Amino acid sequence: MMLAPSVQEWGTSMSTDDDMPSADQVEAAEAGRPTHPQEPHAGGIAGRLNWLRAAVLGANDGIVSVAGIVIGVAGATTARGPIFTAGLAGLVGGAVSMALGEYVSVSSQRDSERAQITQEKRELAESPEAELAELTALYEAKGLSAGTARTVAAELTARGPLAAHLDAELHIDPADLANPVQAASASALSFVSGALLPMLAILLPPATLRVPVTFVAVLVALALTGALSARLGGSNVRRAVVRVVVGGALGLAFTYGVGHLFGTAIH
Ligand SMILES: [Zn+2]
């Protein structure tokens with residue numbers, strides 16, 4: 001992050017243009033675009049990476065839960081009908097559950113942000129002086145001198161008091177509140193895209209190859225999603241892949257075993 005030089009530095013270097021941002025930089029900063037090459041900005045690349053990471057985790061969920069279901073049923077029966085029905089039920093049920101969970105959590109987050117915005121509006125209307133003092137204090141706490149902080153707070157308040165307080169105090173961008181419907185559809189969609197893989201892997205091959213093909217396809221897919229989400233999260237890729245592949249293999253073997261055991265017991 002580029003910080004403005006301290007007051008003393010400003011005093012001595014005001015005459016050179018090097019310390020002043022270019023018009024392009026100011027425009028980029030106002031639009032929320034990167035102000036420096038190769039520097040991810042919150043809401044820019046970082047925001048998109050978070051979104052991608054959520055999609056990868058959703059797909060991962062779809063792969064694991066539907067693979068468990070179809071492998072478990074395949075352990076009990078070789079008939080395609082029940083395998084397909086169980087897989088489809090798992091796909092639909094999982095997608096609905098993901099969407100609902102996401103909808104509830106994003107809605108309550110948005111409700112609390114809206115409540116904070118309403119409260120801030122009321123405070124600004126009732127006691128503008130106290131709010132200006134509050135904003136000044138926030139900028140002093142960031143390291144500005146009392147005078148500079150007062151100037152910054154006054155200028156931002158003149159431009160738009162609510163936006164200034166939401167940004168400095170609550171870190172909310174009112175133009176960018178989370179959308180529950182969008183979040184719910186995205187997570188359902190990523191779950192379904194992951195769930196389709198074990199469905200196809202178990203239904204397409206001949207009966208004798210069903211289980212091994214699904215095992216391999218699921219473990220390869222888990223290795224890929226594990227590597228991708230580790231990369232996006234900045235953690236160790238190899239360790240994440242080993243963890244997810246070993247865990248996935250154990251889980252699938254377990255569900256196959258349980259399906260086989262109960263399938264033969266209940267016949
Ligand atoms: Zn305030």
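Residues numbered from 1 in each chain as written. Predicted model: local features only at pLDDT ≥ 70, side-chain atom pairs only at ≥ 80, totals over all residues. Heavy atoms only, no water.

Peer 1: Teacher, can you tell me more about the nonpolar core here?
Peer 2: What tends to happen in soluble globular proteins is that the nonpolar side chains get buried as a cluster. Within the largest apolar cluster, 23 residues are counted, with the highest numbers of intra-cluster contacts made by Val66, Val70, Ile202 and Val218. Contributions of two or more residues to this core are made by helix H3 (45–76), helix H4 (80–126), helix H8 (180–203) and helix H9 (210–233). Looking at this core, the element that brings in the most residues is H8, giving seven residues. Apart from the residues within four sequence positions on either side, valine 70 is in contact with Ile83, Gly87, Pro198, Met199 and Ile202. Residues Leu132, Leu135, Ala149 and Ala164 belong to the second largest nonpolar core, which totals seven residues. (Core = buried A, V, L, I, M, F, W, Y, C linked by side-chain atoms within 4.5 Å. Buried < 20%, exposed > 50% of the residue type's maximum accessible area, 1.4 Å probe, protein only. Helix = DSSP H or I, 4+ residues; strand = E, 2+ residues; numbered from the N terminus. Contact = heavy atoms within 4.5 Å.)

Peer 1: I'm lost on the coordination of the zinc ion in this one. Help?
Peer 2: Four donors placed tetrahedrally around a metal ideally meet at 109.5 degrees, and six donors placed octahedrally ideally meet at 90 or 180 degrees. Only Glu120 (OE), Glu131 (OE), Glu134 (OE), His165 (ND1) and Glu169 (OE) from the protein reach the zinc ion as donors, at distances of 1.9 to 2.3 Å. Linear spacing of the donor residues for the zinc ion on their chain is E-x10-E-x2-E-x30-H-x3-E. On the criterion of sequence distance, the pair formed by glutamate 131 in helix H5 (residues 128–141) and glutamate 169 in helix H7 (residues 161–170) is long-range, its members being 38 residues apart. Classification of glutamate 131 by relative accessible area gives buried; the value is 6%. (Donors = N, O, S within 2.8 Å, 3.2 Å for Na, K, Ca; no water.)

Peer 1: I tried to follow the side chain of glutamate 131 on my own but got confused; where do I start?
Peer 2: Although glutamate 131 lies buried, it forms no salt bridge, and the closest oppositely charged side chain, arginine 122, sits 10.0 Å away as judged by the N-O distance. Not counting residues up to four positions away in its chain, the partners in contact with glutamate 131 are Glu120, Glu123, Leu124, His165 and Glu169. (Lys, Arg positive; Asp, Glu negative; His and termini not counted. Salt bridge = Lys/Arg side-chain N within 4 Å of Asp/Glu carboxyl O.)

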